Amino acid sequence: MSGPVPVMFVHGLWIHATAWAPWQALFEERGYTTTAPGWPGDGATVQETRDHHEELNGIGIEAICHHYADLIDAMATRPIVVGHSFGGLIAQELLANGYAAAAVGIDPAPIKGVKALPFSQLKSSWPVLSNPANKKKTVALTREQFRYSFGNTLTEEESESLYSRWTIPGPGRPLFEDATANFVRNSPAAIDMHQAARGPLLLISGTEDHVVPQKVTEAVVKLYADNPSQTDYRTIDGRGHSLTIDAGWADVAQIALDWITANQAKINPAEAATS
């Protein structure tokens, strides 16, 4: 093949896939082809997903991973997968299972083995975990819940704008699966930590994130300590869980782009050999 490896963007809970549009435009300006497919059950637009959120009822981590794996199987080349929140967990799963050439996990949902449960993370998850019936249903954040979970570093006006533009109800099942991962032998939130043949991985943490606090991402990095494959870690001061969609999104995107550029020889060795 010639040219850069394609990039696939994967969203997390509560934010629609079309919120990746600015990232796609930036990456395409830099010569990448991109795609940002939604989760199975997502509508094509924010409003369509809100109107038919029952299509997401009961969707769990395994079904989401299979959905993206099937999409990648139809591609000519394994993509670089960039994921936010639960999308960051999915990106790691796809990388570990050979579906991604490289992965970037931005404030990724914790994988099996992470034991730290800071108060802010529990409070952010409470709208779902407070009711066991939510495992089979979708849950929408209120404006106040979004402000705490995503918009805690933003002005009230920006938080309200992001809430109105991008939020969708999300399936509760992934949160329950993540919360119980350490007690389930074959948890869908488990990652193969001994995979030696995978491509490079970058994890990014916003230091003021309430949903995935910095110490949680640091715990994930430590889980990869004995993995022979490349795992890098970056922090972004003063940023919360909205970091991929708020006014400073381009700073985060540039960190991802710079890392991808620096690792092109590992991500796309065939192209590097001919250049």
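Structure report, in brief. Bear in mind that the values here come from a model prediction, so they are computed numbers and not experimental data.

## Points about the overall build of the chain
So, step 1. Each helix and strand in the chain was counted, giving 12 helices and 8 strands.
So, step 2. Its C-alpha atoms give the chain a radius of gyration of 17 Å, near enough to 19 Å, the size a compact globule of 275 residues would have.
So, step 3. Viewed in the frame of its principal axes, the chain has a C-alpha envelope of about 55 × 40 × 35 Å.
So, step 4. Counting over 275 residues, the chain shows a buried share of 54%.
So, step 5. Intrachain contacts of the chain at a sequence separation of at least 6 include 76% that bridge at least 24 residues.
So, step 6. Carbon and sulfur atoms form 52% of the exposed surface of the chain, whose accessible area is close to 11,800 Å².
So, step 7. Counting 20 positive and 30 negative side-chain charges, the chain places the centres of these two groups 7 Å from one another.

## Points about the packing of aromatic side chains
Remark: the centre distance and the inter-plane angle together describe each pair of aromatic rings, the angle taken between the planes.
So, step 1. Under the criterion given, the structure shown has 9 aromatic pairs.
So, step 2. A ring pair is formed by tryptophan 20 and tryptophan 23, whose centres lie 5.1 Å apart and whose planes are at 85°; its orientation type is edge-to-face. Each member of the pair, tryptophan 20 as well as tryptophan 23, carries the same accessibility label: buried.
So, step 3. Here the aromatic cluster, defined as three or more aromatic residues joined through ring pairs, consists of Phe9, Trp20, Trp23, Phe27, Tyr32 and Trp249.
So, step 4. The aromatic ring of tyrosine 148 is capped on one face by lysine 123, whose charged end is 4.2 Å from the ring centroid.

## Comments concerning the packing of helix α3 (residues 61-73) against helix α4 (residues 86-96)
Packed helices, taken two at a time, are described by the angle their axes make and the gap between the axes.
So, step 1. Packing of α3 against α4 leaves a shortest axis separation of 10 Å and a crossing angle of 60°. When the axes of α3 and α4 are compared, the pair comes out oblique. In this structure, α3 meets α4 at a crossing whose hand is right-handed. When α3 is examined against α4, the residues Ile61, Ile64, Cys65, Tyr68, Ala69 and Ile72 are found in contact with a partner set consisting of Phe86, Leu89, Ile90, Glu93 and Leu94.
So, step 2. Across the contact of α3 with α4, the residue classes break down as 10 nonpolar, no polar and 1 charged.

## A look at helix α1 (residues 21-29)
So, step 1. Looking only at α1, the buried set comprises Trp23, Gln24, Leu26 and Phe27. The arc that holds every buried residue of α1, seen down its axis, measures 165°, which confines them to one face.
So, step 2. Elements in contact with the buried residues of α1: β1 (7-10), β2 (34-35), β3 (80-84), β4 (102-106) and α10 (249-262).

What counts as what
Residues numbered from 1 in each chain as written. Predicted model: local features only at pLDDT ≥ 70, side-chain atom pairs only at ≥ 80, totals over all residues. Heavy atoms only, no water. Helix = DSSP H or I, 4+ residues; strand = E, 2+ residues; numbered from the N terminus. Rg over C-alpha atoms; globule rule 2.2 N^0.38 Å. Buried < 20%, exposed > 50% of the residue type's maximum accessible area, 1.4 Å probe, protein only. Contact = heavy atoms within 4.5 Å. Areas by Shrake-Rupley, 256 points an atom, 1.4 Å probe, with all protein chains shown as cover. Lys, Arg positive; Asp, Glu negative; His and termini not counted. Charge placed at Lys NZ, Arg CZ, Asp CG, Glu CD. Phe/Tyr/Trp six-rings, centres within 6.5 Å; stacked < 30°, edge-to-face > 60°. Lys NZ or Arg CZ within 6 Å of the ring centre and 35° of its normal. Axes fitted to C-alpha atoms, helices over the stretch in contact; angles between N-to-C directions. Parallel < 35°, antiparallel > 145°, perpendicular 65-115°, else oblique. Left-handed = near helix turned anticlockwise from the far one by under 90°. Nonpolar A, V, L, I, M, F, W, Y, C, P; charged D, E, K, R; others polar. Arc of directions from axis to C-beta.

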